[in-house]
Amino acid sequence: MPAKDYRVDAPCWVDLTSSDPRTVVPFYNGLFGWEADVSKEAEYGGYTTFLKNDEPVAGLGGQMPGTTIANVWNTYIASADAEASVAKSVEAGAQVLCPAMQVGDQGTMALVVDAGGAVTGIWQADQHRGYGLWGEHGTPVWHEQFTHHYGAALEFYESVFGWTYGVLGDTDEFRYSQGFVAGGMVAGIMDADRYLQADVPSHWRLYFGVDDTDAAVEKVTALGGTVVDAAKDSPFGRIAGIADPLGARFQIASIVQS
């Protein structure tokens, strides 16, 4: 599998905000065959980079002081200028959780709550350009937003990141658009208002690829995780919903060979 291309305005990185990072490292290492590279506390606060074949595929950090956000996977969108993207986000109706801040020589990050209510990361790359592998076992394979405010979410990503859309479904039962950047499909946005409970905010749903979904499900339970949605076949592979030992949700999907 070739290295993942870095494309501005497309998702480029994922990380887990965990209430107890050390507890979940063995789970992810065991499930995906990752290696955990833990930074020095003085450098990046003990941030962990998960590696596959020596390439970064995901990150792990502790809960930010003063926040209640924990045990959730985050999606970051690449930006040529993080400060400008934050300013555009505010103009488009976002709230700023974390203003643009430099992370050593790695890059510049920010966190916003988009106009539809989902937390979204922004990443301006320097030495760290995001996940280096894509579309294989133990790597991200898809980013999908479940939103209470479908129209607002579509307008936000079009305004801030220049996304265009292809409509996959437009009925009350299934309303879904696929976002495109420079002709390439980069993410999905689903009208999930009728499916999400009122107290569950809009959010990004992350999919990791696996060679065998059913075998991965067995590993999940053996490693202390939970199967939230049983494995089922779809046009996009066999998919299951998972929670890690501390409750962080994500999806696993079998790799569909083209």
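Residues numbered from 1 in each chain as written. Predicted model: local features only at pLDDT ≥ 70, side-chain atom pairs only at ≥ 80, totals over all residues. Heavy atoms only, no water.

A. Representation of the overall build of the protein in the model. Summing up its helical and strand segments, the protein has five helices and 16 strands in all. Compactness check: the protein gives a C-alpha radius of gyration of 17 Å against a globular reference of 18 Å for 258 residues, within 12% of the reference. A total of 258 residues make up the protein; the buried ones form 49% of that total. Considering only contacts in the protein between residues 6 or more positions apart, those separated by 24 or more positions represent 60%. Counting every atom, the protein has about 12,200 Å² of accessible surface; 49% of that belongs to carbon and sulfur. Charge-centre separation for the protein: the mean point of 14 positive side chains lies 3 Å from the mean point of 33 negative side chains. (Helix = DSSP H or I, 4+ residues; strand = E, 2+ residues; numbered from the N terminus. Rg over C-alpha atoms; globule rule 2.2 N^0.38 Å. Buried < 20%, exposed > 50% of the residue type's maximum accessible area, 1.4 Å probe, protein only. Contact = heavy atoms within 4.5 Å. Areas by Shrake-Rupley, 256 points an atom, 1.4 Å probe, with all protein chains shown as cover. Lys, Arg positive; Asp, Glu negative; His and termini not counted. Charge placed at Lys NZ, Arg CZ, Asp CG, Glu CD.)

B. Quick look at the pairing of strand E6 (residues 95-103). Strand direction decides the pairing type here: E6 and strand E7 (residues 107-113), joined by six bridges, are antiparallel. Bridging across to E7, Val 103 finds its partner in Gly 107. Between E6 and E7, which pair antiparallel in sequence order, lie three residues; one of them, Gly 104, sits at a positive phi of approximately 55°. (Pairing = 2+ DSSP bridges.)

C. Main features of helix H5 (residues 213-222). Every buried residue of H5 is listed here: Thr 213, Ala 216, Val 217 and Val 220. Summarising the axial view, the buried residues of H5 lie within an arc of 105°, below the 170-degree limit, and thus occupy one face. Structural note: H5 exposes Glu 218 and Ala 222 on the side pointing more than 90 degrees away from its buried face. Looking at the buried positions of H5, the neighbouring elements they touch are helix H1 (21-32), strand E13 (203-210), strand E14 (226-234), strand E15 (237-243) and strand E16 (249-254). Capping the start of H5, Asp 212 holds a side-chain oxygen 3.1 Å from the backbone nitrogen of Asp 214, two or three residues further along. Positive phi appears at Gly 224, one or two residues downstream of H5, with a value of about 95°. (Arc of directions from axis to C-beta. Polar contact = N/O pair within 3.5 Å; in protein donor to acceptor, adjacent residues only side chain to side chain.)

D. Representation of the packing of H1 against H5. Between H1 and H5, the shortest axis-to-axis distance is 10 Å and the interhelical angle comes to 155°. Taken together, H1 and H5 sit at an angle that is classed as roughly antiparallel. Considering the relative orientation of H1 and H5, their crossing is right-handed. Facing Phe 27, Gly 30 and Leu 31 of H1, the residues of H5 in contact are Ala 216, Lys 219 and Val 220. The residue inventory of the contact of H1 with H5, partitioned by class, reads four nonpolar, one polar and one charged. (Axes fitted to C-alpha atoms, helices over the stretch in contact; angles between N-to-C directions. Parallel < 35°, antiparallel > 145°, perpendicular 65-115°, else oblique. Left-handed = near helix turned anticlockwise from the far one by under 90°. Nonpolar A, V, L, I, M, F, W, Y, C, P; charged D, E, K, R; others polar.)

E. Representation of the nonpolar core. Judged by nonpolar contacts, the single largest core of 36 residues is most densely connected at Tyr 28, Phe 32, Trp 34, Trp 73, Phe 250 and Ile 252. With six residues, H1 is the largest single contributor of residues to this core. Excluding its chain neighbours within four sequence positions, the residues that come into contact with Trp 73 are Val 14, Asp 15, Leu 16, Tyr 28, Trp 34, Ala 58, Gly 59, Leu 206, Phe 208, Ala 248, Arg 249 and Phe 250. Within the second largest apolar cluster, 21 residues are counted, among which are Ala 82, Trp 163, Ala 187 and Trp 204. (Core = buried A, V, L, I, M, F, W, Y, C linked by side-chain atoms within 4.5 Å.)

F. Broad picture of the sheet that holds strand E2 (residues 35-38). Spatial strand order, E2-E3-E4-E1-E5-E8-E7-E6: eight strands in an open sheet with mixed pairing. The open sheet terminates on both sides in strands that have one partner only, identified here as E2 and E6. Taking the axes of each pair of neighbouring strands and ignoring which way they run, one obtains an average angle of 25° across the sheet. Judged from the four bridges that link them, E2 and strand E3 (residues 48-52) form a sheet pairing that is antiparallel. Its bridge partner lying in E3, Val 38 is registered against Thr 48. Contacting strand E1 (11-18), E2, E3, strand E4 (55-62) and strand E5 (72-78), H1 runs over the sheet at an angle of about 155° to E4.

G. Region of the structure containing a nonpolar patch on the surface. Together, Leu 168, Phe 174 and Phe 236 make up a nonpolar patch on the protein surface, roughly 290 Å² of accessible area in all. The residue Leu 168 is located in strand E10 (residues 164-170) in this model. (Patch = residues over 30% accessible without salt bridge, like charges linked within 9 Å, V, L, I, M, F, W, Y side chains within 5 Å. Salt bridge = Lys/Arg side-chain N within 4 Å of Asp/Glu carboxyl O.)

H. Summary view of unusual backbone geometry. Positive phi, normally seen in glycine, also occurs at Asn 53, with a value near 50°. Inspection of the secondary structure assignment puts Asn 53 in the loop between E3 and E4. At Asp 54, a residue that is not glycine, the phi angle is positive and equals roughly 70°. Topologically, Asp 54 is positioned in the loop between E3 and E4. On the accessibility criterion, Asp 54 (67% relative accessible area) is exposed.

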